[in-house]
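# An overview of the molecular structure
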Amino acid sequence: MAATATPLQRGALAPDFTLPGTDGRDWSRDQVAGPNGLLVMFICNHCPYVLAVVDRIVRDAAALKEAGVGCVAICSNDAAAYPEDSFERMRDFARLHRFGFPYLHDAAQDVARAYGAVCTPDFFGYNRRLELQYRGRLDASGRLPAGPDMRRELLEAMREVAATGQGPVQQTASIGCSIKWRAD
C-alpha cells in the first residue's frame, strides 16, 4: 500500500539510535553524521519504490559524502511477515547495490517510530546541528525510471543544507510503500 511522508517539522532534532549494520558492527547516529549534516533514509529490500531508485540513492549518497553529509539507511519492516526484508537479505541487498553507507536493522521498529517514518523510501535531512531541514523525495520519478533531465531534489536540498544549514522552503513529500509494522 502506498503511503506519503508527513510534512517537514523544521528544526526537530534527529533522534539518537544505535543499531546493527549489515557490515557486522553497530552504528550510532553520531557515528554516521558528517561534519555538515546527516541524511537518514528508511528503505527496505522489496519495495518497488526503493528498487526503482536504489542506484540513484547510492549515487547521491556518494556525492553527499563529498559535501560532508553522512548517510545511513535503516530497514524497519517486520521481517517475520516480510522475510525478503530480513537482516540476512539486507546484507545481500547492500552488497548487490554497493552501498557506500551503513545499512542498519531496526528490528524493534523503535527508531522508525522515533523519526516518524511512514514509507519506504522516507528521507530525513539534517544540518550539522542535527536539526531537520529536509523531509522530501529523492526526485519526481516515483517508481518510474528517471529521465536524463530529472531534477535531483534530495541532492540539491542536502547540498544547500550542508552549505547554509537551511533546507529549501519548497519540498515535495516522498511516496512509497508503507512501513510494515509488527502486529504485536
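Below is a summary of the structure that appears in this document. All values derive from a computational prediction rather than experimental measurement. Each residue is numbered by its place in its chain's sequence as written, counting from 1. Restriction of local features to residues with pLDDT of at least 70 applies here, the model being predicted, together with a cutoff of 80 or more for giving and counting side-chain atom pairs; totals for whole chains, interfaces and linings are based on all residues. With hydrogens and water excluded, all non-hydrogen atoms of the structure serve as input to the side-chain values.

With that settled, the discussion passes to helix α2 (residues 48-66). For the purposes of this entry, the term helix denotes a DSSP run of H or I that reaches at least four residues, the term strand denotes a run of E that reaches at least two, and both are numbered from the N terminus. Multiply 1.5 Å by the residue count of a helix minus one, and that product is the helix's expected span. The terminal C-alpha atoms of α2, which comprises 19 residues, lie 28 Å apart, in line with the 27 Å expected from a rise of 1.5 Å per residue. The sharpest bend along α2 reaches about 50 degrees and sits at Val54. Each residue is placed in one exposure class: buried if its accessible area under a 1.4 Å probe, protein chains only, is under 20% of its type's maximum, exposed if it is over 50%, and partly exposed if it falls in between. Listing the buried residues of α2 in full gives Tyr49, Val50, Val53, Val54, Arg56, Ile57, Val58, Asp60, Ala61, Ala63 and Leu64. After α2 finishes, the residue Gly68 shows a positive phi value of roughly 85 degrees. The bend at a residue is defined as the angle formed between two axes, one fitted to the seven residues ending at that residue and one fitted to the seven starting there.

Within the secondary structure layout, Asp26 lies in strand β3 (residues 26-28). Here the alpha-carbon distance between Asp26 and Pro102, two residues 76 residues apart in the chain, equals 9.4 Å. The contact definition used throughout considers only heavy atoms, calling two residues in contact when any of these lie within 4.5 Å. Ignoring sequence-local partners within four residues, the contact set of Asp26 consists of Thr18, Leu19, Pro20 and Gln31.

Now for the packing of aromatic side chains. Any two of the Phe, Tyr and Trp rings considered here, Trp counted by its six-membered ring, make a pair once their centres fall within 6.5 Å; the pair's planes then place it as stacked at under 30 degrees, edge-to-face at over 60, or tilted in between. What the rule picks out here adds up to 9 aromatic pairs. Judged by centre distance (5.7 Å) and plane angle (80 degrees), the rings of Phe42 and Phe124 are edge-to-face. Placement of the pair is Phe42 in strand β4 (residues 37-42) and Phe124 in strand β8 (residues 122-126), with a sequence separation of 82 residues. As far as the burial class goes, Phe42 and Phe124 line up, both buried. Taking the centre distance of 6.2 Å and the plane angle of 85 degrees together, the rings of Tyr115 and Tyr126 count as edge-to-face. Placement of the pair is Tyr115 in helix α4 (residues 110-115) and Tyr126 in strand β8, with a sequence separation of 11 residues. The buried category is assigned to Tyr115, whose relative accessible area is 7%. Since its relative accessible area comes to 3%, Tyr126 is described here as buried. Ring-over charges, as used throughout, are those where CZ of Arg or NZ of Lys falls within 6 Å of the ring centre and within 35 degrees of the ring normal. We note Arg143 situated over the ring of Tyr49; from NZ or CZ to the ring centre the distance is 5.2 Å. Sitting over the face of the ring of Tyr82, Lys180 holds its NZ or CZ atom 5.7 Å from the ring centroid.

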